[in-house]
Amino acid sequence: MTPIPAGISLDTLSELPRYPVGTSFGPDIDAANEILLSAADEQTKRAAFLDWAARHQPCVFGRMATKSGTPARGLAMDLCWVDEQTIAAGPHAISTRIAADRRTWKERAARGMSSAFLVIFNSRCLAHARPGPEFARLCTELASLYLTELAPVRPDVIYTEAIPLRGRDGVLRLFKGSVQLFHTGAHLRRHHDRRIPGGVMISVNGPGHYANSLVTQGICADLAESAPMVRRLAARSIGAGGLGDERALSTTWHRDPDPSARDTARWFSAAYHLDVLVQSDVVSDPGARTGPCPAHEQWSWLHLDYIDSSETSPADPTHGWFHGVPVPERDLHHNPWPPVVPIDAPDFNY
């Protein structure tokens, strides 16, 4: 049985304030929820979610990775599906399901076959949950059942996953992957770009792992070729939100207003910190956001310049994002990176 941290009970699940039946989360999510919140089988629900993601989520990487058939530009992901029955069975059942799929994903990632991992908590209760302190607490508990080695997960902290890849030289390396939260109730909120149908999702993606896997797959000759492509995809995801409702605005944007500088931007801004797993003031805020974000809520110094083929050393805080850390085979499933408390400053990196 997979060990879980003490104090994780998910009791908050039954106490969650919920939106009234019939509340709309946008026509795209409403249509997907017709299947995701029905009695359909898991494969049908998976297909419905992937179809939605491939067409409606703002992240370019996400749309590519969830596209059916041959992975677009060599980018693939693994999906762990946690259904109502597993959630009802309790924390041990949930953590066991996630741990098994996480191990499988990392073994595939080491072969360059997957650079992203999605954990979907598919639940009517979670899909209808209102943002609030109860929901924020529940999200930290669900995240703790995934990142058991770093649990208990705390709010307002950056957590990093380790994604393995065996290079063409035969050396196993670990790459940093960002761990992010998405949920249905993000619709028209401060983090509207994080809306999904069906409940709650924890998403892991590693742009550096992806860039290096393009080399191991033979799609690119080297990092000097793959890095600019990955950087362009990352830059073009910024400011691409606002999908699903004509009233919505993107919650991320480029600092430089000149479109010609888009692909070479060093920093961008957002109404929330994209790599904070559970940002308490965001997931607790029930207010709709259909206008500009107040300046005091903005994160102004979110970095893109780590997506670069230039060598880094272990002394560099960004080391591991684009250049992997060599490890022995026994550490394929190890996660060496501790949580980090973010600071909104141009010299803060992690």
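For the structure itself, look to the data block above.
Residues numbered from 1 in each chain as written. Predicted model: local features only at pLDDT ≥ 70, side-chain atom pairs only at ≥ 80, totals over all residues. Heavy atoms only, no water.

A. How the structure looks around empty space enclosed by the protein. Enumeration over the complete set of coordinates arrives at 4 cavities of 30 Å³ or more. As for the largest cavity, its lining consists of 49 residues, and the residues nearest its centre are Cys59, Ser178, Gln180, Asn205 and Leu274. Of all elements in the fold, only α2 (42-56), α3 (60-65), β2 (116-122), β4 (172-183), β5 (199-205), α8 (207-216), α9 (223-237) and β8 (299-303) reach the threshold of two or more residues within the lining of the largest cavity. A breakdown of the residues in the lining of the largest cavity according to their chemical character gives 31 nonpolar, 14 polar and 4 charged. Empty space within the second largest cavity amounts to approximately 90 Å³. Forming the boundary of the second largest cavity are Leu181, His191, Arg194, Tyr272, His273, Val276, Leu277, Val278, Gln279, Val282 and Val283. Taken together, the residues of the lining of the second largest cavity sort by class into 7 nonpolar, 3 polar and 1 charged. (1 Å grid on protein atoms, 1.4 Å probe; cavity = no way out; pocket = protein on both sides within 12 Å on 5 of 7 lines; lining within 4 Å. Points joined across faces, edges and corners; volume = space filled by probe spheres on them. Helix = DSSP H or I, 4+ residues; strand = E, 2+ residues; numbered from the N terminus. Nonpolar A, V, L, I, M, F, W, Y, C, P; charged D, E, K, R; others polar.)

B. How the structure looks around the layout of surface pockets. For the largest pocket, the calculated volume is near 300 Å³. Mapped by element, the contributors of at least two residues to the lining of the largest pocket are β3 (160-166), β4 and α8. Ranked by the residues each element gives to the lining of the largest pocket, the list is headed by α8, at 3 residues. Classifying every residue of the lining of the largest pocket by side-chain character gives 5 nonpolar, 7 polar and 6 charged.

C. Spatial organisation of the environment of Asp281. Mapping Asp281 onto the fold places it in helix α10 (residues 280-283). For the pair Asp281 and Asp308, spaced 27 residues apart in sequence, the C-alpha separation works out to 32 Å. Those residues in contact with Asp281, other than ones at most four positions away along the chain, are Asp156 and Arg190. Within the structure, the side chain of Asp281 is placed 3.0 Å from the side chain of Arg190, a separation counted as a polar contact. At a separation of 3.1 Å, a polar atom in the side chain of Asp281 contacts the side chain of Gln279. (Contact = heavy atoms within 4.5 Å. Polar contact = N/O pair within 3.5 Å; in protein donor to acceptor, adjacent residues only side chain to side chain.)

D. Seen up close, the pairing of β5. The buried count for β5 comes to 6 of 7 residues, which makes it a mostly enclosed element. Across 7 bridges, the pairing between β2 and β5 is antiparallel. Following the sheet pairing, Phe121 is matched in β5 by Val200. As paired elements, β4 and β5 share 6 bridges and run antiparallel to each other. Looking at the pairing, Val179 lines up with Val204 of β5. (Buried < 20%, exposed > 50% of the residue type's maximum accessible area, 1.4 Å probe, protein only. Pairing = 2+ DSSP bridges.)

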